[in-house]
Every structure is written in structure tokens, then in C-alpha cells.
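Here's the letter readout for the chains.
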Amino acid sequence: MTTFLVQLSDLHIREPGRLAYGRLDTAPYLQRAVQSILRLKQQPDAVVITGDLSDFGRAAEYAHLEELLAPLSMPLYLMPGNHDDREQLRRSFPGHAYLGTEGFVQFAVKIGDLRLLALDTCVPGQSHGTLCEQRLAWLETQLDLYRGEPVVVAMHHPPFETLIGHMDEIGLLEGAEALEALIARHPKVERVICGHLHRAIDVRFGGSIASTAPSPAHQVALDLAPDASSAWMLEPPGFRVHAWAGERLVTHLVPSGTFEGPYPFHDNGALID
């Protein structure tokens, strides 16, 4: 059996009627992403959201988020990003026991034949991320415990430079090298999946692959100049589908929305002229 894990990221949900950055209502975009997930021919075994669930970590934002995610009946795993508040997240989603009761939001869950290990990279009140010795030690313990299983490590801040200068300035500023060395010692780590960048980016990392996911709403503008200004765009939104069929993890980038098709390439076995 194939295991399907959907990754959403960087939702930035606000209270109903409030606009992110004074311009953007992110809620309808998340609704479209949810409907796109529900239209997948192979329904996911679980959905993980790799941070920035809300825009300011407020109770009203999380209440709105809960309503928007309600159509998803599969297991749902929430992770904090730099726009979130750990304690408010726990109070707003008391049924999500994996969030714990205090400290970092880190958890290990079984999803089909995959093991998902969630790392907390957040620094309260700051935009950048870090991985301290305590968080890395937790990951090492989990990787040793599940050494024989295919593993996906999830985190908000990507542990690599993206060459988008203003985002790298608020990326993972501590612990990336130690993380890569740890991943390199565990060949069953199939992927390190991240958020924060509002773009799909893939990098070789520790003998595995590290990647970021697009947002279901707005994307960070692609400008690789070192002095690029901080800006976002309404490029096509999307999400990731990670599929494990027993040998290797295959990742697909899926656009949110409805599109024409599918249409057959052939008519009664012959090419259509």
C-alpha cells in the first residue's frame, strides 16, 4: 500500500474580514486548497501543516482556521511557525494531544508506513529560527528509535540558504550544520520538509533532500539578488504530496484550484488527429 502525506504551509489565516498585510484575504485561498485536497484521487493518510498557521497567533485566528480545515476528515498535524504562538495554539486545539502541554512543539507520529518527526524551530517574538542542543537531542533520540523506518522530518524554517536574501536573513540561523550532520548519519531520512519560504525549493541535504512548500495563498517574490527587497506575489498557489510506495519517497507539487481536464491522449487506442 502507498502512503500519501499532504503538506500545507504558511496559511497566514486572520480573523474573518481581516486582511493579511492590509491587502490579502487568505481564507478563500485555504478553502480552495482544502477542496483541491478533497478532489485528489488518492486521499491522503494525513495532512501536516508546516507552520505559520495564523498571522499573529491570536485565538480568533485559530478559531477561523479550525472552521476552514473542518472539511478535512483525515488526521491533521499542526506545527508552529514564526507567526504562531505555541501556547495559544495548544489552547485553541485541545484535541490535538500531540502538541503537548508545554515547551517545544515536537512530536513523532506514524502515518501509514512513514514516520513523521516534527521539529520546532521557532523563537518567540522573532522571525528567524533556531535549533538548540535540546531540540537536536530530541531528534537524535527519535531517529535512533526509528532507525529501521522511512522517516520524514518536518520543520518550519528551512536549514539551507535559498539565495532569497531577505528570507535567508530570517531563516534557520542556528543548528543547520548540526542538523545536516545528524541527517547524514541516518540514511532512512527520506525528506526534510519545511515551510517559511512560500515557494517550492529543493536542495540536497545530508544525503537526503530538503524542500520547502508553496503557500496556498501568496508566494515570496523570486528575486535572487543579494539586496532583493522583501515582497510577495499572487503566483499560483499550491501544496506538496509526498508518496511512499515502499522504496523511495516521491514528491509532487500540486496547484490549488480547479482546471480543465483530464482529457484522454488517445481515442479508442489511437492518437487523436
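Everything that follows concerns the structure shown earlier in this document.
Anyway, here's the lowdown on the structure attached to this text.

Cut-offs and rules
Residues numbered from 1 in each chain as written. Predicted model: local features only at pLDDT ≥ 70, side-chain atom pairs only at ≥ 80, totals over all residues. Heavy atoms only, no water. Helix = DSSP H or I, 4+ residues; strand = E, 2+ residues; numbered from the N terminus. Rg over C-alpha atoms; globule rule 2.2 N^0.38 Å. Buried < 20%, exposed > 50% of the residue type's maximum accessible area, 1.4 Å probe, protein only. Phe/Tyr/Trp six-rings, centres within 6.5 Å; stacked < 30°, edge-to-face > 60°. Lys NZ or Arg CZ within 6 Å of the ring centre and 35° of its normal. Pairing = 2+ DSSP bridges. Axes fitted to C-alpha atoms, helices over the stretch in contact; angles between N-to-C directions. Contact = heavy atoms within 4.5 Å. Salt bridge = Lys/Arg side-chain N within 4 Å of Asp/Glu carboxyl O. Expected span 1.5 Å × (residues − 1). Parallel < 35°, antiparallel > 145°, perpendicular 65-115°, else oblique. Left-handed = near helix turned anticlockwise from the far one by under 90°. Nonpolar A, V, L, I, M, F, W, Y, C, P; charged D, E, K, R; others polar. Polar contact = N/O pair within 3.5 Å; in protein donor to acceptor, adjacent residues only side chain to side chain.

What follows is about the overall build of the chain. When helices and strands are counted, the chain shows six helices and 17 strands. Taking 273 residues into account, the globule formula puts the C-alpha radius of gyration at 19 Å, and the chain, at 18 Å, falls close to it. Referenced to the eigenvectors of the C-alpha coordinate spread, the extents of the chain come out at roughly 65 × 45 × 45 Å. Among the 273 residues that make up the chain, the fraction classed as buried is 54%.

Evaluation of the coordinates by the stated rule reveals five aromatic pairs. An aromatic cluster is present here, built from Tyr77, Tyr98 and Phe107 joined pairwise through their rings. Lying over the aromatic face of phenylalanine 56, arginine 58 brings its terminal NZ or CZ to 4.4 Å of the ring centre.

A few words now on the sheet that holds strand β3 (residues 76-79). Spatial ordering of the open sheet is given by β3-β2-β1-β14-β15, a layout of five strands whose pairing is mixed. Only two strands of the sheet have a single neighbouring strand rather than two, namely β3 and β15 (249-255). Between one strand axis and the next, the sheet turns through 20 degrees on average, direction left out of account. Looking at chain direction, strand β2 (residues 46-50) and β3 are connected through four bridges and run parallel. By the bridge assignment, threonine 50 is partnered in β3 with methionine 79. Running over the sheet, helix α1 (residues 27-38) touches β1 (3-8), β14 (238-244) and β15 and is turned about 170 degrees from β1.

The next subject is the pattern of salt bridges. With the rule as written, the count across this model stands at 12 salt bridges. Between aspartate 120 and arginine 86 there is a salt bridge, with its nearest N and O atoms 2.6 Å apart. Pair noted here: aspartate 120 is in the loop between β5 (114-118) and β6 (129-130) and arginine 86 is in helix α3 (residues 86-92), with a separation of 34 residues, a long-range link. For the pair formed by aspartate 120 and arginine 86, the shared burial category is buried. Between glutamate 87 and arginine 90 there is a salt bridge, with its nearest N and O atoms 2.9 Å apart. Linking glutamate 87 with arginine 90, this pair stays in helix α3, spanning three residues, or about one helical turn. For glutamate 87, a relative accessible area of 33% puts it in the partly exposed group. A single network of salt bridges, built from pairs that share partners, joins Arg14, Glu15, Arg58 and Glu61.

This part is about α1. An ideal rise of 1.5 Å per residue puts 16 Å on 12 residues; α1 measures up with 17 Å between its terminal C-alpha atoms. Considered for burial, the residues of α1 that qualify are Ala27, Tyr29, Leu30, Ala33, Val34, Ser36 and Ile37. Structurally, α1 contributes buried residues whose contacts are with β1, α2 (59-69), β14 and β15.

It is the contact of α1 with α2, at a shortest axis distance of 9 Å, that shows an interaxial angle of 30 degrees. As summarised for this structure, α1 and α2 are arranged roughly parallel, according to the angle between their axes. Here α1 runs over α2; the crossing is right-handed. Side by side, α1 and α2 meet where Ala27, Leu30, Gln31 and Val34 of the first sit next to His64, Leu65, Leu68 and Leu69 of the second. Among the residues forming the contact of α1 with α2, the class breakdown is six nonpolar, two polar and no charged.

Within the fold, serine 9 resides in the loop between β1 and α1. Given a relative accessible area of 0%, serine 9 falls into the buried group. Side chain to side chain, serine 9 and aspartate 10 meet in a polar contact 2.7 Å long. In this structure the side chain of serine 9 is engaged in a polar contact, spanning 2.7 Å, whose partner is the side chain of threonine 50. Setting aside chain neighbours within four positions, we find serine 9 in contact with Ile49, Thr50, Gly51, Cys194, Gly195, His196, Ala213, Pro214, Ser215 and Pro216.

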